[in-house]
Amino acid sequence: MSSNGAYYRILFAGGGTGGHLFPAVAVAEQIKEMRPETEILFVGTRSKIEGKVVPKLGYKFKSIWIKGFSRKLSRNLLFPVKLFVSVVQSVIINMGFRPKVAIGSGGYAAGPAIFGASVMGAKIILLEQNSYPGITTRLLERYADEVHISFEDSRKYLKREKIIYTTGNPVRKNLGSVQKEKALQKFGLNADKKTLLILGGSLGAASINKAMAENVKELEAEGIQIIWQAGKYYYDEYKQFNTENVKVFEFIDDMNSAYSACDLLLARAGATTIAEVLVLGIPSVLVPSPNVAENHQYYNAKSLADKNAAVLIEDEKISRELFTTVTTLVLSQEKLAGLKSNALKLAKPDAAKVIAERAIKYMEAV
């Protein structure tokens, strides 16, 4: 307990996507394990993923009225009003909660909430998941006591070198591997064949699905079996490709088994996927989405590709390069081993614990 008799209090702010939310959840879980008496509050927007997920996890949640800046100017007419209201809401929330530490994990909701915490004197820790830091991190850096980055490349885009730590991107506590034969058995696949795992996100990736449809028969002919998450938007279109060797899913709930079953992963280059790939040492082909802010997935994938920890294929080239890239890798144990080894060298499996320890240290000093 703190010196004034109140429980330790930490505010988490961020979200909009799972990539911004789940690292914060991983740190919150670690803090609860280390200091069960800690009172935790999440701040975000009710209409986004944090508004749905956080209350289900048992954490307190407060919503603010904020929306990101749209590329279409006509949609931004209310932005100044929403920004002002969200800052006032954030200051009021922080006055009531009085956090000792505030942790911002990115996304537009983090801006007002972390600013409000800074005004109230909280210690500020920022988590940056992407190689090219988001605008929220770049704007909040001036208020931060620490910035924890996932890629060494991020340093050149930030200004306050002395407060930056290459800690890695926190991953969920239950991330792990299972015996490969059991994992393959769960998907009804053959332990004697090489397995390709396709992930385009929960909604799906149009270009990856299209490229897979164009190449799936040829990949099967090479003796490659496939676990294919087509996504919510595309499953009905691609479920026709389901065969003895190709298992098509709308969404894969048991990712530990999926990761354990595969010899090679082909996926988007989101920060959470990359963090899990590194921790588990999964050989991967990364296809950055061109539809993300500041092209950050490209920089994520390039950071790994430059260190031979993954292979990068640009989105517009995926149909042409998928077959050759996948077969060259998956049929070469030497190439797979090289990617696995280099991925593990970049992994930061203790990121959540390190950040939790830093937050607790600040709480104990207050």
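This one's a predicted model, so the numbers in the text were calculated from it and none came from an experiment.

Analysis parameters
- Residues numbered from 1 in each chain as written.
- Predicted model: local features only at pLDDT ≥ 70, side-chain atom pairs only at ≥ 80, totals over all residues.
- Heavy atoms only, no water.
- Salt bridge = Lys/Arg side-chain N within 4 Å of Asp/Glu carboxyl O.
- Helix = DSSP H or I, 4+ residues; strand = E, 2+ residues; numbered from the N terminus.
- Buried < 20%, exposed > 50% of the residue type's maximum accessible area, 1.4 Å probe, protein only.
- Pairing = 2+ DSSP bridges.
- Axes fitted to C-alpha atoms, helices over the stretch in contact; angles between N-to-C directions.
- Contact = heavy atoms within 4.5 Å.
- Phe/Tyr/Trp six-rings, centres within 6.5 Å; stacked < 30°, edge-to-face > 60°.
- Core = buried A, V, L, I, M, F, W, Y, C linked by side-chain atoms within 4.5 Å.
- Patch = residues over 30% accessible without salt bridge, like charges linked within 9 Å, V, L, I, M, F, W, Y side chains within 5 Å.
- Areas by Shrake-Rupley, 256 points an atom, 1.4 Å probe, with all protein chains shown as cover.
- Right-handed = clockwise from strand over helix to strand, strands pointing away.
- Parallel < 35°, antiparallel > 145°, perpendicular 65-115°, else oblique.
- Left-handed = near helix turned anticlockwise from the far one by under 90°.
- Nonpolar A, V, L, I, M, F, W, Y, C, P; charged D, E, K, R; others polar.

Colleague: It is not clear to me how the pattern of salt bridges should be interpreted in this structure. Could you clarify?
Modeller: Charged atoms that come close allow side chains of opposite charge to pair. Scanning the entire structure with this criterion turns up 15 salt bridges. A salt bridge links D263 to K180; its shortest N-O distance comes to 2.5 Å. Note that D263 is positioned in the loop between helix 9 (255–261) and strand 11 (264–267) and K180 in helix 6 (residues 180–186), a separation of 83 residues in sequence. Since its relative accessible area comes to 11%, D263 is described here as buried. Among the salt bridges present, the one from R268 reaches D315, with a minimum N-O distance of 2.7 Å.

Colleague: What is the right way to look at the sheet that holds strand 4 (residues 101–104) in this model?
Modeller: One open sheet holds the seven strands; their spatial order is 3-2-1-4-5-6-7, and the pairing between them is parallel. Two strands close off the open sheet at either side, each with one partner strand: strand 3 (60–63) and strand 7 (164–166). The average angle at which neighbouring strand axes cross in this sheet is 20°, direction not considered. Direction of pairing for strand 2 (residues 39–44) relative to strand 3: parallel, over a ladder of four bridges. Across the sheet, residue V43 finds its bridge partner in strand 3, namely K62. Running over the sheet, helix 2 (residues 49–56) touches strand 2 and strand 3 and is turned about 160° from strand 3.

Colleague: Sorry, what's going on with the packing of aromatic side chains here?
Modeller: The description of an aromatic ring pair uses the distance of the two centres, along with the angle that the planes make with each other. Throughout the structure, instances matching the rule amount to 11 aromatic pairs. Pairing Y132 with Y157 gives two aromatic rings, centres 4.6 Å apart and planes at 80°, and the pair type is edge-to-face. Taken as a pair, Y132 in the loop between strand 5 (123–128) and helix 5 (135–140) and Y157 in the loop between strand 6 (146–149) and strand 7 lie far apart in primary sequence, 25 residues in all. Residue classification places Y157 among the partly exposed positions, given a relative accessible area of 30%. Both rings, one in Y238 and one in F241, keep their centres 6.2 Å apart while their planes meet at 25°; by these two values the pair is stacked. Taken together, the ring pairs in this structure connect Y132, Y157, Y298 and Y299 into an aromatic cluster.

Colleague: Is there a simple way to think about the nonpolar core in this case?
Modeller: A general tendency of soluble globular proteins is for nonpolar side chains to be buried together. One finds L196, M212, I226, W228, L266 and V326 to be the most contacted residues of the largest nonpolar core, which totals 28 residues. Listed by contribution, the elements that provide at least two residues to this core are strand 8 (194–199), helix 7 (206–221), strand 9 (224–229), strand 10 (246–249), strand 11, helix 12 (318–330) and helix 13 (333–346). Ignoring sequence-local partners within four residues, the contact set of M212 consists of L196, I198, L219, I226, W228 and L322. In terms of nonpolar packing, the next biggest core, distinct from the first, is built from 25 residues, V54, V101, I355 and A359 among them.

Colleague: What's the story with the sheet that holds strand 10 in this structure? I'm lost.
Modeller: As summarised here, the arrangement of the six strands in space is 10-9-8-11-12-13, forming an open sheet in which the pairing is parallel. Of all strands in the sheet, those bounded by a partner on one side alone are strand 10 and strand 13 (311–312). As paired elements, strand 8 and strand 9 share six bridges and run parallel to each other. Looking across to strand 9, one finds that I198 is bridged to W228.

Colleague: What am I meant to see in a nonpolar patch on the surface here?
Modeller: A surface patch of nonpolar side chains, about 310 Å² in accessible area, is lined by F84, V88 and I92. Residue placement: F84 occurs in helix 3 (residues 79–97). For F84, a relative accessible area of 58% puts it in the exposed group.

Colleague: What's the story with the pairing of strand 11 in this structure? I'm lost.
Modeller: Each regular strand displays side chains that alternate between the two surfaces of the sheet. Of the two faces of strand 11, the one holding L264 and L266 and the one holding L265 and A267 are both buried throughout. Sheet topology places strand 11 next to strand 12 (residues 284–286); three bridges connect them, and they run parallel. Paired with A267 across the bridge in strand 12 is L286. Of the crossover connections in this fold, the one passing from strand 11 over helix 10 (residues 271–280) to the parallel strand 12 is right-handed.

Colleague: Can you help me understand unusual backbone geometry in this one?
Modeller: With the exception of glycine, the majority of residues adopt a negative phi angle, and the majority of peptide bonds are in the trans configuration. In this model, R98 sits at a positive phi of 50°, which is unusual for a non-glycine residue. Looking at where R98 falls in the secondary structure, it is placed in the loop between helix 3 and strand 4.

Colleague: How should I be thinking about the packing of helix 7 against helix 12 in this particular structure?
Modeller: In helix packing, the relevant descriptors are the interaxial angle and the interaxial distance, both defined with respect to the helix axes. Between helix 7 and helix 12, the least distance of the axes is 9 Å, while the angle of their chain directions is 45°. With respect to their mutual orientation, helix 7 and helix 12 come out oblique. Every pair of crossing elements has a handedness; the one defined by helix 7 and helix 12 is right-handed. For the pair formed by helix 7 and helix 12, the contact residues are S207, K210, A211, M212, E214, N215, E218 and L219 on the first element and I318, S319, L322, F323, V326 and T327 on the second. Here the contact of helix 7 with helix 12 is composed, by residue class, of seven nonpolar, four polar and three charged.

Bear in mind that shape data such as this cannot, by itself, settle questions of function.
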